[in-house]
Amino acid sequence: MAIVVGALFGFAAPAQADHPTATPPGAEESLLRASETQTPGSEHAAAHAQQRALAGSGAPSAAGTQPAAAGNPAQDGRWGGAFEIPVHGIHAALLPTGKVMLWARPFATPDNEAVAWLWDPTKQLGDPARFKRVDPPLFTDPETGVRKPANIWCSGQSHMADGQLLVTGGNLASPSENPPRVDYAGMKTVYTFNPFNETWTEQPKMGKGRWYPSQALLPDGRTLLMSGLDETGSGANNKQVELFSPPSARGGQGKITKIGDRGGAGQPPDGGLYPHLAVLPSGRTLMAGPQERDSWLLRAPGAGSGLSWTGLPKTDRHRLWGSGVLRPGGTGGSTAFTLIGGSDFDSDQDPPGQPLGSGVRTSVTFDESKAAEGWTTAPPLTNGRSHHNTVLLPDKSMVTVGGGLGSSPAGPGIYGAGQWAATDKQRPVELMDPATGSWRLGAAQAESRAYHSTALLLPDGRVMSAGDDQNGGAAQDTAEIYEPPYLLKGLPRPVLDSAPATATYGASFDVTSSGPAPARAVLMAPGAVTHANDMSQRAVELALTRRTGGARLTAPARAALAPPGYYMLFLVSDQGVPSVARFVRLGPSPPGKPPPPKPKPAPVKPKPPSVLPDRRGPSIAFNARRGLRGRTVKGRVSDPSGVKRMQVAVTSARDGRCRSWSPRRRRFGRASRRACARPAFFSARLRRSGGGYVWTARLGARLARGRYVVALRAVDGRGNVAARTGGRAARVTVR
Ligand SMILES: [Cu+2]
């Protein structure tokens, strides 16, 4: 059911003080506590409702906030209405299947457990396949002994080279009087989620707990794990720096290795929660904010334990809950990282008359190619923001979505309470012009999205905004989708008709396209975001040469320019209009194989190299979205050992009975229940192309209009079978 926010409704239930604070160690600690642990009561609910009513009417509100930017979609972009989602969008990650995973605490209850859902943005309202619940594995609550889905809200998240999602830490326990616990305690747990079979795997635990950690996929395929409150509940930071080494196959067990500590003599500084991390072209990883001392470079870790780092000048100011982005660069990679907005609760920069905290407008950039300059001033936002999200777009621009004041003491008035405080000033997006780097206001969204909000780029070029677990109600949540101006100029979009499933560093590959000729090609790393911190997004420019019917592209030269994994490949017209993306897996040669963690220096005798038997079937690519247009079904398939056989079945289903297409007889066979589970396969033709094969199955006749299920089966050179049948089969439409 679609709901449009703007009507009068308050908070459905008096909210518990379940998750409001994230306190960086520092002098303003007590002040923070006082303001942040406030939660909305009935008064504030009424205030929120009043605010929303004003927002809905389009009238300037009592606080003198400006109305939303006037409606010119070609310049400002456009928001669709808010629609219900089954979970608070506190954490969001776009998976290589095109689905978005959202996770949080359960609605309106402070229960120490998590709820996770997959949202398929290609499915319409009412389609049962639109949402799927995928709660994390069970975990025994240390307080109650009850087994419940592990509490992975307050975790860190990023993508792995093999397309799995890595989730570290979370909320072990909240502050309490009995047992005495002054702060949140972090989970030691690590989980991976395989997006291809939609299952979780528990991984080895970290050395200490992490609540509000950050993580970053490194060029070697390992993931850096940093920061977060430890498991004690004493408010102590976990000072260990760890690496997660990926398993050899999806669903397998990885490994955690500690490489060093922070905060001691000769060690990198201990800093704030959810720090921004970014791998730079030198292979070093930048730490950037929230605290001024969160400003240093980690050298690419070697094989053993040990941590090598370089200090940088401090950032300009405390930027709690500011966003941070690696700015789009050229084919040589992105060297510049910008910290945008945020807040400092004891800031004196608030305009007079404003309550504590107003979100800051300013931005600063560190450019590794001009490292000696340190952090330099970058163009400011139009309106101050904290808890906002900044999303990279394929046209080299970016959009800042939502946010609020940072924090405001609870009290009557139009402002909300605590970290959820927001005004009309944060509802319009801000768009960055890539030519000048300056920001301007765009279209306003329906709901205020401050603390615990998320935003990320979708494969179709639109932007999802979700979360904030108070504004809009604590017992429900909505998401909204933003169409950037490039989709609303009335200009045609390039169509990326085909692309290889994999790409190798430094190697060229061909894509076919139709519509306007592509002027640029860019790989966009899928988002993985929480608390104003996207731990994954990155724009990677590709060299492009136009060819008849498409283009020849060159993958980035090195993993430091684009860590291995799945990227959205967009073609962009010379008018700046992007195609719909296709996911391409980028990796070292042979494509797609995650680099094994380097062996430790030989202890006693060197281990013989263990060669893992290949038990995986070929990877099959088929685009169901394009439908069965002609008399053929077509796609790609590849496997390191070659592909022996490729088979296709086309069935039509009605009332639980299926009929399989026979290309020989050029009609459907008899309807049966069995045919649903075991469709009649026929062989496709295989033709070598790039690193794999193009498969083509002739139907012999054009199918009537309607919906069909296409099941696929492929056998590799070693006899391993890969199949997409049953629930995973592609559903296509003949128009
Ligand atoms: Cu939080």
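Residues numbered from 1 in each chain as written. Predicted model: local features only at pLDDT ≥ 70, side-chain atom pairs only at ≥ 80, totals over all residues. Heavy atoms only, no water.

Caption draft 1: Molecular detail of the pairing of strand β42 (residues 565–573). Of all 9 residues that make up β42, 9 are buried, and the element is covered over most of its length. As paired elements, strand β37 (residues 518–525) and β42 share 6 bridges and run antiparallel to each other. What sits directly across from R520, in β42, is V572. Looking at chain direction, β42 and strand β43 (residues 582–587) are connected through 5 bridges and run antiparallel. Considered in β43, the bridge of Y566 is made with R585. (Buried < 20%, exposed > 50% of the residue type's maximum accessible area, 1.4 Å probe, protein only. Helix = DSSP H or I, 4+ residues; strand = E, 2+ residues; numbered from the N terminus. Pairing = 2+ DSSP bridges.)

Caption draft 2: Structural detail: the environment of L381. Relative to the helices and strands, L381 is located in the loop between β26 (375–378) and β27 (389–392). Residues L381 and M432 lie 51 residues apart in sequence; the distance between their C-alpha atoms is 8.9 Å. Residues contacting L381, with those up to four places away along its chain left out, are I340, V360, R361, T400, E430 and W439. (Contact = heavy atoms within 4.5 Å.)

Caption draft 3: How the structure looks around the sheet that holds strand β16 (residues 223–226). One open sheet accounts for 4 strands, arranged β15-β16-β17-β18; its pairing is antiparallel. Looking at strand neighbours, the two that pair on one side only are β15 (214–217) and β18 (255–261), the edges of this open sheet. Mean inter-strand twist for the sheet, computed between neighbouring axes without regard to direction, equals 25 degrees. Taken together, the 4 bridges between β15 and β16 define a ladder with antiparallel strand orientation. Paired with Q215 across the bridge in β16 is L225. (Axes fitted to C-alpha atoms, helices over the stretch in contact; angles between N-to-C directions.)

Caption draft 4: Structural detail: the side chain of Q215. Tracing the backbone through its elements, the reader meets Q215 in strand β15. Among residues more than four places away in sequence, those in contact with Q215 are G156, Q157, S158, L166, T168, T223, L224, L225, L277 and M535.

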